[in-house]
Amino acid sequence: MSDKLFQKPKGTADLLPAVQAIWDKINRAAQEIFGRRYRFGRIDTPLFENYEIFARTSGDSSDVVSKEMYDFYDKGNRHLALRPEGTAGVVRAYVENKLYGPEYEKPVNLYYLESMFRYERPQAGRTREFHQLGVESFGSDSPFLDAQIIQMAIDFFQEFNLDNFIVKINSLGDEESRTNYRSALVDYLKQFEDRLSNDSKNRLKSNPLRILDSKDPKDQELLIDAPKILDYLNQESKDRFKKVTKALDDFDISYEIDNKLVRGLDYYNNTIFEIETRDPKLKSSATVCGGGRYSGMVEEFGGPETPAIGFGIGLERLITLVGQIEDQDHNDVYIVQTDKSVNEFANLLAKRLREKFHFGVLLDYTDRSMKSQLKSADRTKSRYSIVIGEEEVKNKKVTIKKMADGSQKKILLDKLTIGDFS
RNA sequence: GCGGUACUGGUGAAGUUGGUUAACACACCGGUUUGUGGUACCGGCACGCGCGGGUUCGAGUCCCACGUACCGCCCCA
């Protein structure tokens with residue numbers, strides 16, 4: 001085996017300087033759209049939480065909990081887990097910090113940008129550590145908010161000029177509707193139990209709704225005549241869903257009602273949605289955003305009954321769609337030294353230029369040839385170089401060279417102003 | 001967790017049916033008469049072919065195990 005001690009853990013990535021420009025842009029876009037336009041406040045929660053926080057909310061039968069969790073015991077024998085998704089931690093923080101209190105404006109709107117961890121086989125658009133940008137809104141059950149939240153995600157994608165996607169939406173209904181539907185679905189599928197795939201057989205007991213998005217072609221065939229969830233919504237849930245889709249229509253959002261959409265986590269009810277890209281770069285990982293309504297979770301953590309809705313955007317997936325953006329960063333001044341006798345002078349000059357003009361300043365510390373130093377000035381996209389030699393040191397002058405056209409001028413050090421560099 | 005493909009220098013890679021000195025290009029460093037860049041020319045740059053074993057007189061080239069990456073399944077962001 002190779003020297004695995006010196007390799008990064010499987011499914012992780014180093015984000016080198018060359019790749020940071022896009023992350024900066026994501027941060028700025030989140031701040032601008034979620035923070036400024038929608039007035040969501042940023043929240044950061046711990047990288048790890050008590051195991052139960054995720055296990056209970058996501059559901060024991062979910063893949064995330066049953067096989068993808070990075071859990072461990074600390075020295076105090078506490079069972080902890082690296083967060084596999086963002087919602088549970090935010091809800092925990094909402095309750096623990098009593099953000100439901102009267103001093104906070106309702107709904108309480110939060111967004112986060114954090115890394116998540118899932119023990120999975122890496123492939124395109126899927127790594128073990130990945131980043132999610134998500135929002136959560138607590139305290140409103142309005143269907144108009146559902147539409148607003150979906151619009152938020154779209155706004156974000158548009159900031160990156162992405163529009164080759166489809167919004168898929170479905171409603172799981174309220175508790176009552178969901179219970180009714182579940183038993184109707186189980187009754188229907190029971191008669192074909194021996195023809196179902198193994199996964200689906202297990203889910204028949206643990207989580208029958210998940211059978212709906214089975215990829216097994218035989219399962220799919222059996223599902224054609226299965227009861228449809230939208231037929232089982234009670235009047236209230238039905239009306240609610242209609243209001244959501246009406247609002248989406250009013251927003252000119254094109255969407256697709258997908259009555260087989262269920263999502264992998266257990267905590268959803270009423271509106272659920274996904275945004276899928278059609279870009280072939282992410283074939284089996286086309287979901288770039290997923291979310292929906294969840295009620296009951298705040299109570300589960302000991303808070304008051306609170307309706308909530310949120311979504312998460314997979315940032316690595318977003319980035320593979322956007323591609324890398326060019327780093328436009330320029331350096332201001334590169335100090336070129338004719339030989340090592342002027343090192344001291346040059347070194348001091350660098351300090352003064354940063355101090356006085358707040359310039360970006362670079363200089364060579366390896367006594368390379370002038371030619372090499374000028375090459376470096378080029379490569380670092382320096383706007384100016386300052387040549388320092390014996391003559392300059394003796395006369396307390398600097399030779400300023402404008403890189404773009406090669407023009408030079410000599411100026412007394414004491415007379416140097418910022419205007420000499422514009 | 002299951003299946004497939006790949007793995008040669010800083011990078012892209014060539015390496016024929018296993019047989020001396022690992023091609024070529026880019027990048028980098030240096031030089032082309034001594035204080036000036038992005039061009040041109042010249043020179044330098046893998047004691048090693050993911051890691052560990054094995055087969056063989058001999059392996060980058062064959063076999064096995066492991067690691068990682070990529071693709072597919074499952075599932076998701």
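Residues numbered from 1 in each chain as written. Chains lettered and ligands numbered in written order. Predicted model: local features only at pLDDT ≥ 70, side-chain atom pairs only at ≥ 80, totals over all residues. Heavy atoms only, no water.

Caption draft 1: Looking closely at the domain arrangement of chain A. Split by domain assignment, chain A resolves into domain 1 (4-174 + 234-322) and domain 2 (331-421). The gap between the C-alpha centroids of domain 1 and domain 2 is 50 Å. (Domains from an automatic or database assignment.)

Caption draft 2: Examining a negative patch on the surface more closely. A cluster of acidic residues, D24, E326, D327 and D329, forms a negative patch at the surface. Considering the arrangement of structural elements, one finds E326 in the loop between α12 (315-322) and β12 (331-337). (Patch = residues over 30% accessible without salt bridge, like charges linked within 9 Å, V, L, I, M, F, W, Y side chains within 5 Å. Areas by Shrake-Rupley, 256 points an atom, 1.4 Å probe, with all protein chains shown as cover. Salt bridge = Lys/Arg side-chain N within 4 Å of Asp/Glu carboxyl O. Lys, Arg positive; Asp, Glu negative; His and termini not counted. Charge placed at Lys NZ, Arg CZ, Asp CG, Glu CD. Helix = DSSP H or I, 4+ residues; strand = E, 2+ residues; numbered from the N terminus.)

Caption draft 3: Main features of the nonpolar core. If you look at the biggest cluster of nonpolar residues, it comprises 44 residues, and the most contacted ones within it are I26, F34, F156 and F311. Considering every element that reaches this core, the biggest residue donor is helix α5 (residues 143-159), with nine residues. Sequence-distant contacts of F311, defined by excluding residues within four places in its chain, comprise F34, Y112, L133, G134, V135, I149, M152, A153, F273, C289, G290 and G291. The next biggest cluster of nonpolar side chains, apart from the first, holds 40 residues, and it includes A93, Y94, F192 and V298. (Core = buried A, V, L, I, M, F, W, Y, C linked by side-chain atoms within 4.5 Å. Buried < 20%, exposed > 50% of the residue type's maximum accessible area, 1.4 Å probe, protein only. Contact = heavy atoms within 4.5 Å.)

Caption draft 4: Fine view of the environment of D194. In this fold, D194 is placed in the loop between α6 (175-190) and α7 (198-206). For the pair D194 and D332, spaced 138 residues apart in sequence, the C-alpha separation works out to 72 Å.

Caption draft 5: Spatial organisation of the packing of aromatic side chains. All chains considered together, the criterion is met by 19 aromatic pairs. The interplanar angle of 35° and the centroid separation of 5.5 Å between the aromatic rings of F34 and F156 together place this pair among those described as tilted. In this pair, F34 is assigned in helix α1 (residues 20-37) and F156 in helix α5, connecting sequence segments 122 residues apart. Exposure remark for F156: the relative accessible area of 0% places this residue in the buried category. For the ring pair F156 and F160, a centre distance of 5.2 Å and an interplane angle of 55° mean the geometry is tilted. When sorted by exposure, F156 lands in the same class as F160, which is buried. Every member of this aromatic cluster is reached through a ring pair, and the members are F34, Y111, F156, F157, F160, F165, F273 and F311. Over the face of the ring belonging to Y119 we find R128, whose NZ or CZ atom lies 4.0 Å from the ring centre. (Phe/Tyr/Trp six-rings, centres within 6.5 Å; stacked < 30°, edge-to-face > 60°. Lys NZ or Arg CZ within 6 Å of the ring centre and 35° of its normal.)

Caption draft 6: Representation of the packing of α5 against helix α10 (residues 235-250) in the model. Across the interface, α5 lies against α10 with an axial gap of 8 Å and an inter-helix angle of 40°. As summarised for this structure, α5 and α10 are arranged oblique, according to the angle between their axes. Crossing geometry of α5 relative to α10 is assigned as right-handed. On the side of α5, the interface is formed by P143, F144, D146, A147 and I150, while α10 contributes R240, K243, V244, A247 and L248. (Axes fitted to C-alpha atoms, helices over the stretch in contact; angles between N-to-C directions. Parallel < 35°, antiparallel > 145°, perpendicular 65-115°, else oblique. Left-handed = near helix turned anticlockwise from the far one by under 90°.)

Caption draft 7: Layout of the environment of R78. Tracing the backbone through its elements, the reader meets R78 in the loop between β3 (71-73) and β4 (79-82). Through-space distance from the C-alpha of R78 to that of S171 is 37 Å; in sequence the pair is 93 residues apart. Side chain to side chain, R78 and D74 meet in a polar contact 2.8 Å long. (Polar contact = N/O pair within 3.5 Å; in protein donor to acceptor, adjacent residues only side chain to side chain.)

Caption draft 8: Fine view of the sheet that holds strand β7 (residues 165-171). Taken in spatial order, the eight strands of this open sheet run β1-β5-β6-β11-β10-β9-β7-β8, and their pairing is mixed. The open sheet has two edge strands with one neighbour each: β1 (41-42) and β8 (255-257). Sheet strands in contact with α1 are β1, β5 (108-117), β6 (129-138) and β11 (307-314), and its direction is about 160° off that of β5. (Pairing = 2+ DSSP bridges.)

Caption draft 9: Examining the confidence of the model for chain A more closely. Averaged over all residues, the pLDDT of chain A equals 91, while 99% of them reach at least 70. Mean pLDDT across the elements of chain A bottoms out in helix α3 (residues 63-67) (79) and peaks in β1 (98). (pLDDT = per-residue confidence, 0-100.)

Caption draft 10: Expanded view of α7. Those residues of α7 not exposed but buried are S200, R203 and L204. The buried residues of α7 all sit within an arc of 115° when viewed along its axis, so they share a single face. Opposite the buried face of α7, at more than 90 degrees from it, the exposed residues are N198, N202 and K205. Of the surrounding elements, those touching the buried residues of α7 are α3, α6 and α8 (217-223). (Arc of directions from axis to C-beta.)

Caption draft 11: Examining the UniProt feature "binding site: L-histidine" (unreviewed entry) in chain A more closely. Taken from the UniProt record, the annotation "binding site: L-histidine" (unreviewed entry) applies to E85, G86, T87, R118, Q132, E136, R263, Y267 and Y268. Locating T87 in the fold gives a position in helix α4 (residues 87-96). Turning to its location among the elements, E136 is positioned in strand β6. Assessed through its relative accessible area of 0%, E136 is described here as buried. What E136 contacts, discounting residues up to four positions off in sequence, is F40, T87, V90, V108, N109, L110, Y112, Y294, I309 and G310. For E136, the side chain forms a polar contact with the side chain of T87, separated by 2.8 Å. (UniProt positions renumbered as here; feature names shortened; annotations may be inferred.)

Caption draft 12: Quick peek at the side chain of E392. Within the fold, E392 resides in helix α15 (residues 390-395). For E392, which is buried and forms no salt bridge, the nearest opposite charge comes from K410, at a distance of 4.6 Å. Excluding its chain neighbours within four sequence positions, the residues that come into contact with E392 are F345, V387, K397, V398 and T399.

Caption draft 13: Looking closely at the sheet that holds strand β14 (residues 382-388). Strand order in the open sheet formed by five strands is β13-β12-β14-β15-β16, with mixed pairing between adjacent strands. At either margin of the open sheet sits one strand with a lone partner, and together these are β13 (361-363) and β16 (408-412). Each strand of the sheet is rotated relative to its neighbour by a mean of 30°, with strand direction disregarded. Where β12 meets β14, six bridges bridge the pair, whose relative direction is parallel. Across the sheet, the residue bridging to V333 is Y384, located in β14. Packing of helix α13 (residues 343-357) onto the sheet brings it into contact with β12, β13, β14 and β15 (397-402), and relative to β12 it is tilted by some 165°.

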